[in-house]
Amino acid sequence: MRRAHVWAVAGLILFLCYWRLSRTALINSDGASNALQAWDMLHGNLLLHGWKLSDVSFYTTELPEYMLVELAFGLNADVVHVAGALTYTLVVLLAALLAKGSATGRAGLIRAAIAGGIAAVPELGDGVYTLLLSPDHVGTAVPVLVAWLILDRARPRWYVPVVIGGLLAWALVADTLVLYIGIMPLALVGAVRAYQGVVVERRPWSSQWYMLSLGAAALASVAAARLLAAALRAAGGYQVQPVGTRFADQAVLASHTWLWAETVLMLFGADFFGQPFRSAVTVAALLHLAGVGLAAWAVWIGARNFFRDRDLVPALLVAAVVINLAGFLLSTRLVNILSAREIAPVLPFGAVLAARLLSARLAAARLMPLLLAVLLGYICVLGYEVLQPPAPSPDQRLADWLVARHFRDGLAAYWQASVTTLSSQGRVQVSQVCGNGQRFTGGQWEAQASWYDPARRYANFLVIGGLSSSCDHATASQARSVFGPPARTYHVAGYTVLAWDHNLLNRLG
């Protein structure tokens, strides 16, 4: 019971720190859209009928979490911060538990401290944005860590592969990344272990029933996830955009490699590129190089022992890290530093590997005092980051202004739409439109069909300004040509708000 209390207290402290850290980053319409989807589910639309989601649904992972947070806190911008902090707290605690494994006493504490220390302190800025804000694959590590924790603790029984296969299928409905960090590693390790037992060690096939069952569970989870997704669609549920991934051209691989390396450093809090020599951020980044080094060393050892080590967990984690990193490097998903979200599980997986494979070696080399010093440095870095002020939000200022002037329904580009709705606590509905040329069209990404029904809604304003993307660069002149001269024009928090005396939904293309 005392151990449970220690873990609970540690989790509470981490959650409060991460909640504070998350607020140093601005929420955007990605996380806001997830919050609105969860709110819709809470109010009866459990299948998200009419919703067109992104290429990741988060339907069985983060959206239920968002629902629970909204039950406690209501609909507001802080929901994204609370959920992000809760998700990452689970990631760090599960990583520490998996790292501990069967070790007890001082050895178990060292393992948990190594894994927790490596993963516990996200980098200010891009690191916080990637790990502590909107659902962006980091939460996908949670069900996979739970599956490996069950596999690590449970004895070989017939129901263990069934439970693990069910967990992976459930998570795969939410995020296809599970295929690369959970399903493929499990199928590979199960096949390799069975082959070694039957062909190399000349044991009967029946002796490998557990490994074969785990491999079969991995393959069955794909079919189960597809059946569940098809059933949801057949019942009138949400639509998901296809994942647009392909191999990168050979010409860009060189530049990809440098960016790939920087994303890994940023993920571990060690991205010192472009930082001044003398700053707290640089000191923190250089300190985190220790975590990168330990994780890389552990992956190397795990890869070398892949065919010799009988412990399943390191083999699964090594396979997941290598598959995820290699696929990321060779794909078109690597665009900028924030693309690190595609490899977010590499951080907790690498931390667990470092703890399980290196703790005994480090103790034997009498490096524990040095590790303790690094851990204390990480704690100081976390304290410094927690003291940073929350980021001021222009979207909150816009939402407050719209509420104060009794606006109810309007339009905006994607990055200004759902986030303003959430910041207004749902009192103002701002729906995304795509302004391109001489027409405006309704959103096809994280959007609800009912938002564009003129029989149900009366949208009489348009927000222009802020972040833009390929189809969100509308100007006031374009708006006038499509919707006619506005009755009123306002300038608020860096945005331009154009208001009309008629329903703009009737003129959408």
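In the block above lies the structure referred to throughout.
These notes cover the structure that comes with them.

Criteria and cut-off values
- Residue numbers run consecutively from 1 along every chain, following the written order of its sequence.
- Local features are withheld for residues below a pLDDT of 70 in this predicted model, meaning they are given only at 70 or higher, and side-chain atom pairs are given and counted only at 80 or more; totals for whole chains, interfaces and linings count all residues.
- Calculation of side-chain values draws on the structure's entire complement of heavy atoms; hydrogens and water are dropped beforehand.
- Segments assigned H or I by DSSP are reported as helices when at least four residues long, segments assigned E as strands when at least two residues long, and all are numbered from the N terminus.
- We take the radius of gyration over the C-alpha atoms and set the globule estimate at 2.2 Å times the residue count to the 0.38 power.
- The buried label applies to any residue whose accessible area, calculated with a 1.4 Å probe on protein chains only, is under 20% of its type's maximum; exposed applies above 50%, and partly exposed to all values in between.
- We call two residues in contact when some of their heavy atoms are within 4.5 Å.
- Surface accessibility in these figures is a Shrake-Rupley result with a 1.4 Å probe; residues are shielded only by whichever protein chains are displayed.
- Only four residue types enter the charge count, namely Lys and Arg as positive and Asp and Glu as negative; His and the chain termini do not.
- Where a charge sits is defined by one atom per residue type, namely NZ (Lys), CZ (Arg), CG (Asp) or CD (Glu).
- For two strands to count as paired, DSSP must find a minimum of two bridges between them.
- Only the stretch in contact is used when fitting a helix axis, every axis being a line fitted to C-alpha atoms; angles between N-to-C directions are given from 0 to 180 degrees.
- Only Phe, Tyr and Trp rings take part, Trp by its six-membered ring, and two of them pair if their centres are within 6.5 Å. Stacked means planes under 30 degrees apart, edge-to-face means over 60, and tilted covers everything else.

**Considering the overall build of the protein**
From N to C terminus, the protein includes 18 helices and 8 strands. A globule of 509 residues ought to have a C-alpha radius of gyration of about 23 Å, and the protein, at 24 Å, matches this closely. The buried share of the protein, reckoned over its 509 residues, is 55%. In the protein, of all internal contacts separated by at least 6 residues, the share reaching a separation of at least 24 is 75%. Of the accessible surface of the protein, which amounts to about 22500 Å², a share of 64% is contributed by carbon and sulfur atoms. Once the 36 positive and 27 negative side-chain charges of the protein are each reduced to a mean point, those two points are 8 Å apart.

**Considering the environment of Tyr 238**
Turning to its location among the elements, Tyr 238 is positioned in the loop between α10 (209-234) and α11 (253-267). In this structure, the C-alpha to C-alpha distance between Tyr 238 and Ser 206, residues 32 residues apart in sequence, is 43 Å. Contact partners of Tyr 238, with chain neighbours within four places excluded, come to Leu 47, Leu 48, Trp 51, Leu 53, Ser 57, Tyr 59, Val 173, Leu 232 and Arg 233.

**Side note on the sheet that holds strand β8 (residues 495-499)**
Ordered in space as β4-β3-β2-β6-β8-β7, the 6 strands form an open sheet in which the pairing is mixed. In this open sheet, the two strands that pair with only one neighbour each are β4 (439-442) and β7 (488-492). Adjacent strand axes in the sheet meet at a mean angle of 30°, parallel and antiparallel pairs treated alike. With 2 bridges connecting them, strand β2 (residues 409-412) and strand β6 (residues 461-464) associate as parallel partners. In the strand pairing of β6, Ala 412 is matched with Val 463.

**Here we look at the packing of aromatic side chains**
All chains considered together, the criterion is met by 16 aromatic pairs. The interplanar angle of 80° and the centroid separation of 6.2 Å between the aromatic rings of Phe 407 and Tyr 490 together place this pair among those described as edge-to-face. With Phe 407 in the loop between α16 (394-404) and β2 and Tyr 490 in strand β7, this residue pair connects regions lying 83 residues apart in the sequence. For Phe 407, a relative accessible area of 8% gives the class buried. For Tyr 490, a relative accessible area of 25% gives the class partly exposed. Centre to centre, the rings of Tyr 414 and Trp 415 are 4.9 Å apart; their planes meet at 80°, and the pair counts as edge-to-face. Residue Tyr 414 is classed as buried on the basis of its relative accessible area of 7%. On the basis of relative accessible area, Trp 415 is assigned to the partly exposed category, the value being 22%. Among the aromatic residues, ring-to-ring pairing joins Trp 401, Phe 407, Phe 461 and Tyr 490 into one connected group.

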